[in-house]
Structures are given as C-alpha cells and as structure tokens.
Amino acid sequence: MMTRFLVGLAVGIAALAAPRQAAAGTELYVSAEESGEIVVVDAERGEVAARVPVGKRPRGIKLSHDGKLLYVALSGSPRAAPGVDESKLPPPDRAADGIGVVDLATRKLVRTYASGQDPESFDLSRDGRTLYVSNEESSEMSVLDLKTGKVTRKVAVGGEPEGVTLRPDGKAVYVTSEQDNQVVAIDTRKLSVIARIPTGPRPRAIAFSRDGKTGFVTCENGGAITVFDAVKNVAAGTIKVEPVAKTPLGPRPMGAALSPDGKHLYVSNGRGESIAIVDVAGRKVARLIDGVGARPWGIATAGGKVYTANGPSNDVSIVDLTTGTVEKRIKVGGLPWGIAVK
C-alpha cells in the first residue's frame, strides 16, 4: 500500500513539475503597405503581438507549406491611386523590389530574393521550390527559384498583372491582367502561355474549386466574379455581387479565399465594405455580410471565421461565419493590404 502511495505521489509531483505546453492560438500576418511591416496579430486576444520591418510597400503574402516562413512581395514603386498622373510621382526605387522572407519563429526578415520589377502577388509551387510572381510595371510573370535565389524565366502576360494562383494540379499557373481584362494561363513545365481568358473589368484575384476544374476571378470594376472552365480554359459565366447595404460604389470584388471544405468562396468587396459568400456548386452568392471595414482587400479563412485586411480603416476584421457578424476589429495601422492565417 505504501509503495503504491509513493509511486502515485511521485507521478503527481512529476506532473506538477512538467512544463505546461501552451495551446496553439490563431496568428494573423498582415502586410502593412504604408508602414513597411508585417504585423503579427493574436486573433484570440484581439491585439498586435509583433511588428516585423520588411521593406517598402509589402503587399502579397503567403506562408510556406510547413508554416515556418512567410513570403512577402516588396516594391520600390511609389504608391498611387488609379488614374493618377504617374509623371508627377517620385522615381521608383528598384533596389527595394523583391520577395522578403520572414522567419516566424524569430519574427525577423532573414532574406530578400530578386523578384523582377514591382512584384505585387505570387504563388508557391506544390514542391515549395518555386515562386511565380506578378511584376505589375513590366507586364510580366517572374519565375523565382528559391534554392538559387535567382529569377530563371520571365513570361509576358498582360498589362498590370496582379493575382497569381496555381491550379491545384500544379500544371498551370494563372495571372490576372487588370489592364487587359483577362486571365493568362501558363504551362508550368514549358513556361509558355496556353490560354487568355476574358474576364470582367479589372480582374484582381483567382481561386479554384478543390477539384481544379473551375476558376473564379474577382473583377473589381465589374462588381462581379468571372467563372471559367479550368480544363478547357474558357469563360463559363458571371456571378453578379448585388449590394444589400448602400455604399457609394457598391461591391467591388477584390480578394478570394476558398473554405476548407471547398463548398464556399469568400470574397472581399473593397469599397463595398462587405464580404460575399459564394456557393461554389450553385455558382451564386449565398449571403452578403456588410459593415466589415473600409475597403477589405486581403482575405483568409480558418476555424469557422473569415479574416480581412481593411486598408483605409487600418484594421483587421474577424467575421464569425456562424452568426454572420463581425466579431472583432483590431487596429493594426500602416494601411493593411494582404493577410494570412496560421
């Protein structure tokens, strides 16, 4: 009896002495275009946890496949609204162009890769070895080898390229052209253009259904989403985003994120200050959530919530999908652009 008592006591003491492992929380990573930072946000606490200086005009961001690194597009081109006379802008700083790499464990910028001129968005190959980068000012897509740190190819795509997304099978990468109102499909093996698909005005982001057969393109100035057949690479319809609450410009589709189960597509509506929830199978807007923030752009989803980066209001919104309401708005400053969730 005494032996069992002593063993039990020893186990209890060992349990008390063992360090408790902190529960993994949800971290948000936000590119702050104006302040040149990645802002790390603790989603549960609703507060900024860290600020990581990265360089000029951070915009597109993406986590590495193992979640240890964050890639961020940096640009030395001066920021300007559409229609601005570019001859009156300060000269670009081409030395500031690149893809920054943030080590999330140390929360430090550890490297900046060459990227081509004025990188805005990019996607990461399935094997994690290659980045496909849109170069806005040079109308190209750069192919960046992460092992050598060199741009190995440049592919002409169209005026003002922005959104870049690999098809789920990795055999083709798609780039939106804001100026030409099209999506350009590129064979990732041959690195040649295989199709040009017409879209609505000013296409921004691209997302695919889980099976990779259907693509969705957010079209800011059209207030709609262009649907295309990603097997035949032809346009296949339009999903109009109708406003519920009245805003001066109405919905302006910008970012896009597919739900984990693939049933819904979440679309940030920019100056429409809302999120559209699209039924992927039905190809229609199932619900609109208003009052999200001023010009939500970057959008991500995890754990039954949607997260948006809201530029002019300098905050991040956390939207509960069960209730369809904004749960929190967290001030981050710096003109938030992109967002990723871990």
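A brief structural summary. In every chain, residue numbers begin from 1 and rise along the written sequence. Only residues with pLDDT of at least 70 are given local features in this predicted model, and only at 80 or more are side-chain atom pairs given and counted; all residues enter the totals for whole chains, interfaces and linings. Side-chain figures throughout are based on the complete set of non-hydrogen atoms in the structure, without hydrogens or water.

**Points about the overall build of the protein chain**
Secondary structure follows DSSP: runs of H or I at least 4 residues long count as helices, runs of E at least 2 residues long count as strands, and numbering of each begins at the N terminus. Helix and strand counts for the protein chain come out as one helix and 28 strands. For the protein chain, whose C-alpha radius of gyration is 22 Å, the value lies close to the compact-globule estimate of 20 Å for 342 residues. With the C-alpha coordinates aligned to their principal axes, the bounding extent of the protein chain is approximately 85 × 45 × 40 Å. Any residue under 20% of the maximum accessible area for its type is buried, any over 50% is exposed, and the rest in between are partly exposed; the area is computed with a 1.4 Å probe on protein chains only. For the protein chain, with 342 residues in total, the buried portion stands at 53%. Note on contacts: a residue pair is in contact if any heavy atoms of the two residues lie within 4.5 Å. The contacts of the protein chain with a sequence gap of at least 6 include a subset with a gap of at least 24, amounting to 42%. Carbon and sulfur atoms make up 51% of the accessible area of the protein chain, which totals about 15800 Å². If you average the places of the 45 positive and of the 38 negative side-chain charges in the protein chain, the two averages end up 5 Å apart. A radius of gyration in this sense is built from C-alpha atoms; the matching globule rule multiplies 2.2 Å by the number of residues raised to 0.38. Methods summary: accessible areas were calculated by the Shrake-Rupley approach with a probe of 1.4 Å, and residue burial reflects only the protein chains presented. Think of it this way: Lys and Arg go in the positive column, Asp and Glu in the negative one, and His and the chain ends go nowhere. To locate a charge, take NZ of a lysine, CZ of an arginine, CG of an aspartate or CD of a glutamate.

**As for the environment of Asn 310**
Note that Asn 310 resides in strand E25 (residues 305–310). Each C-alpha atom, one on Asn 310 and one on Gly 298, is 7.6 Å from the other, the two residues being twelve residues apart in sequence. When sequence neighbours within four positions are dropped, the list of residues in contact with Asn 310 reads Val 292, Gly 293, Ala 294, Arg 295, Pro 296, Asp 315, Val 316, Ser 317 and Pro 336. Polar contacts, as used here, are pairs of N or O atoms within 3.5 Å; protein pairs need one atom able to donate a hydrogen and one able to accept it. Residues neighboring in sequence count only if both atoms are side-chain atoms. Side-chain polar atoms of Asn 310 contact the side chain of Asp 315, separated by 2.9 Å.

**Quick look at the sheet that holds strand E8 (residues 119–124)**
DSSP-based pairing: two strands are paired if at least 2 bridges between them are found. Here four strands make up an open sheet; going across it, the order is E8-E9-E10-E11 and the pairing antiparallel. If you trace the sheet from one side to the other, it starts and ends with E8 and strand E11 (150–156), each paired once. Ignoring which end each strand starts from, the neighbouring axes of this sheet average 25° apart. As paired elements, strand E9 (residues 130–135) and strand E10 (residues 140–145) share six bridges and run antiparallel to each other. Counterpart to Asn 135 in the pairing with E10 is Glu 140. The angle between two axes is taken between their N-to-C directions and runs from 0 to 180 degrees, where each axis is a line fitted to C-alpha atoms and a helix contributes only its stretch in contact.

**Here we look at the packing of aromatic side chains**
Note on aromatic pairs: the rings of Phe, Tyr and Trp (six-membered ring only in Trp) are paired at centre separations within 6.5 Å, and the planes decide the class, stacked below 30 degrees, edge-to-face beyond 60, tilted for the rest. Applying the stated rule across the entire model yields four aromatic pairs. Centroid distance Tyr 174 to Phe 228: 5.5 Å. Interplanar angle 35°. Geometry classified as tilted. Of the two residues, Tyr 174 is situated in strand E13 (residues 172–177) and Phe 228 in strand E18 (residues 224–229); the sequence distance between them amounts to 54 residues. Residue class for Tyr 174 comes out buried when judged on its relative accessible area of 0%. Look at Phe 208 and Phe 228: their rings are 5.8 Å apart centre to centre, the planes differ by 85°, and that puts the pair in the edge-to-face class. Of this pair, Phe 208 sits in strand E16 (residues 203–208) while Phe 228 sits in strand E18, and the two are 20 residues apart along the sequence.

**Quick look at the pattern of salt bridges**
For this document, the term salt bridge refers to a Lys or Arg side-chain nitrogen within 4 Å of an Asp or Glu carboxyl oxygen. Applying the stated criterion across every chain yields a total of 22 salt bridges. The closest approach of N and O atoms between Glu 27 and Arg 107, which form a salt bridge, is 2.6 Å. One end of the pair, Glu 27, is in strand E1 (residues 27–32); the other, Arg 107, is in the loop between strand E6 (98–103) and strand E7 (108–113), and 80 residues separate them in sequence. Judged by relative accessible area, which is 22%, Glu 27 ranks as partly exposed.

**What to know about the pairing of strand E24 (residues 296–302)**
Across the seven residues that make up E24, a large majority, six, are buried. Alignment of E24 against E25, held across five bridges, turns out to be antiparallel. Considered in E25, the bridge of Pro 296 is made with Asn 310. Linking E24 to E25, which pair antiparallel, is a turn of two residues; within it Gly 303 sits at a positive phi near 55°.

**Notes on the pairing of E11**
Successive residues of a regular strand alternate their side chains across the two faces of the sheet. In terms of strand pairing, E10 meets E11 through six bridges, oriented antiparallel. Paired with Glu 140 across the bridge in E11 is Ala 156. Connecting E10 to the antiparallel partner E11 that follows it, the hairpin turn spans four residues, and Gly 149 within it adopts a positive phi of roughly 75°.

**Let's talk about the sheet that holds strand E27 (residues 325–331)**
Ordered in space as E24-E25-E26-E27, the four strands form an open sheet in which the pairing is antiparallel. The sheet terminates laterally at E24 and E27, the two strands that pair on one side only. Direction aside, neighbouring strands of the sheet carry axes that sit 20° apart on average.

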